[in-house]
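# Architecture at a glance
Each chain is listed here by its residues.
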Amino acid sequence: PLKQFHWLAGQVNSSYFITDHPQEMDDLAAIWERQSLAFVEEVAGLEDVWVYEVADNLDSLLYSPRSFRRFCLPVLCKTAEILHAHHKYLFVHACGRLKSLAPLYLEANLDCVEGQAPPPIGDWPLAEARALSPKLIVCGGMAAPQQELDGPGAAQSIDSYVAELFESMGDRRRFIFGSSCNTSPRTPYANLLAFRDAAWRYGEVR
């Protein structure tokens with residue numbers, strides 16, 4: 001609910017409101033939770049839909065562990081319960097700094113933290129996410145520093161990066177190699193082909 005509130009009221013206004021009016025904020029969060037869970041109940045049973053992604057970005061710069069427990073954990077647990085009862089997966093977008101929230105992802109029963117950006121953009125190497133739980137789907141790895149490489153050595157640099165990343169992941173099942181948040185508009189098309197070729201080269205499941 002905090003992300004939605006920031007969009008509606010702005011970061012400054014919402015921050016002051018949360019601090020100065022905690023009960024009213026809890027009341028608003030409860031309304032959002034009811035509406036959100038009603039929507040999840042509505043779509044969970046749809047055929048040919050296997051993934052539900054929460055429209056948020058889990059990032060410790062926005063959510064401290066304390067605020068995550070207060071505003072996110074209860075509704076995520078209930079969302080996961082509904083979806084798992086229908087054999088569906090719960091994804092949440094997370095492309096920022098994640099390390100301090102990592103244990104709470106497991107507590108929330110998330111299936112995938114999607115769009116992870118490794119350092120220097122993020123603070124949580126994908127191999128650490130992989131080690132957190134064999135059940136967690138790890139998604140990300142194609143971040144702007146590699147996407148935007150230019151010059152004659154770009155393809156080789158991308159190949160080396162992907163080789164090192166895939167080796168660090170160990171068991172590559174439940175690993176989705178994809179963009180970290182988005183694909184930078186400054187990405188040369190040749191780099192996308194280099195990512196593709198390297199993924200085929202090093203992505204064999206062992």
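The structure under discussion appears in the preceding block.
All residue numbers refer to positions counted from 1 along the written sequence of the respective chain. Since the coordinates come from a predicted model, pLDDT governs what is reported: local features require at least 70, and pairs of side-chain atoms require 80 or more to be given and counted, while whole-chain, interface and lining totals use all residues. As a convention, hydrogens and water are excluded, and side-chain values are obtained from all of the structure's heavy atoms.

Inter-axis angles, ranging from 0 to 180 degrees, are taken between N-to-C directions of lines fitted to C-alpha atoms, where helices are fitted over the stretch in contact. Per the convention used, a helix needs a DSSP run of H or I reaching at least four residues, while a strand needs a run of E reaching at least two, with both numbered from the N terminus. It is the contact of helix α2 (residues 11-20) with helix α3 (residues 22-44), at a shortest axis distance of 5 Å, that shows an interaxial angle of 110°. Judged on the interaxial angle alone, α3 and α2 are roughly perpendicular. Contact residues: α2 offers F17, I18, T19 and D20, while α3 offers P22, E24, M25 and L28. We call Asp, Glu, Lys and Arg charged. Ala, Val, Leu, Ile, Met, Phe, Trp, Tyr, Cys and Pro are nonpolar, and the rest, Gly among them, are polar. Taken together, the residues of the contact of α2 with α3 sort by class into five nonpolar, one polar and two charged. Oblique is the label for every angle not falling under 35 degrees (roughly parallel), over 145 degrees (roughly antiparallel), or within 65 to 115 degrees (roughly perpendicular). Contact definition: two residues touch when any of their heavy atoms are within 4.5 Å.

Turning to the side chain of N191, a few remarks are in order. Looking at the element boundaries, N191 is found in helix α9 (residues 189-202). To sort residues, take the accessible area from a 1.4 Å probe on protein chains only and compare it with the maximum for the residue type: under 20% means buried, over 50% means exposed, and anything in between is partly exposed. Residue N191 is classed as buried on the basis of its relative accessible area, which comes to 4%. Separated by 2.7 Å, the side chain of N191 and the backbone oxygen of Q147 make a polar contact. Excluding anything up to four places from it in sequence, N191 contacts Q146, Q147, E148, L149, A154 and I158. Contacts described as polar in this section are N or O atom pairs within 3.5 Å, which, within protein, must combine one atom able to donate a hydrogen with one able to accept it, while residues neighboring in sequence count only if both atoms come from side chains.

Looking at the element boundaries, P188 is found in the loop between β5 (175-179) and α9. Residue classification places P188 among the partly exposed residues on the basis of a relative accessible area of 25%. Taking the C-alpha atoms as reference points, P188 and L149, separated by 39 residues in sequence, lie 7.9 Å from one another. Not counting chain neighbours up to four residues away, the residues in contact with P188 comprise Q147, E148 and L149.

So, on to helix α4 (residues 65-85). Because an α-helix packs 3.6 residues into every turn, residues spaced three or four apart end up facing the same way. We define the bend at each residue as the angle formed by axes fitted to the 7 residues ending at it and the 7 residues starting at it. The largest bend along α4 reaches roughly 50° and is located at C72, with the proline P74 sitting one to four residues downstream. Considered for burial, the residues of α4 that qualify are S67, F68, F71, C72, L73, V75, L76, T79, A80, I82 and L83. Note on α4: the residue one or two positions beyond its end, H87, has a positive phi of about 60°.

Time to look at the packing of helix α8 (residues 154-169) against α9. If you want to describe how two helices pack, look at the angle between their axes and the distance between the axes. The interhelical angle for the contact between α8 and α9, taken along N-to-C directions, is 35°, at an axis separation of 9 Å. The handedness of the crossing between α8 and α9 is right-handed. Residue-level inspection shows A154, A155, I158, D159, Y161, V162, A163 and F166 of α8 in contact with α9, the latter providing N191, A194, F195, A198, A199, R201 and Y202. Here the contact of α8 with α9 is composed, by residue class, of twelve nonpolar, one polar and two charged. Less than a right angle of anticlockwise turn of the near helix away from the far helix marks a crossing as left-handed, whereas a clockwise turn marks it as right-handed.

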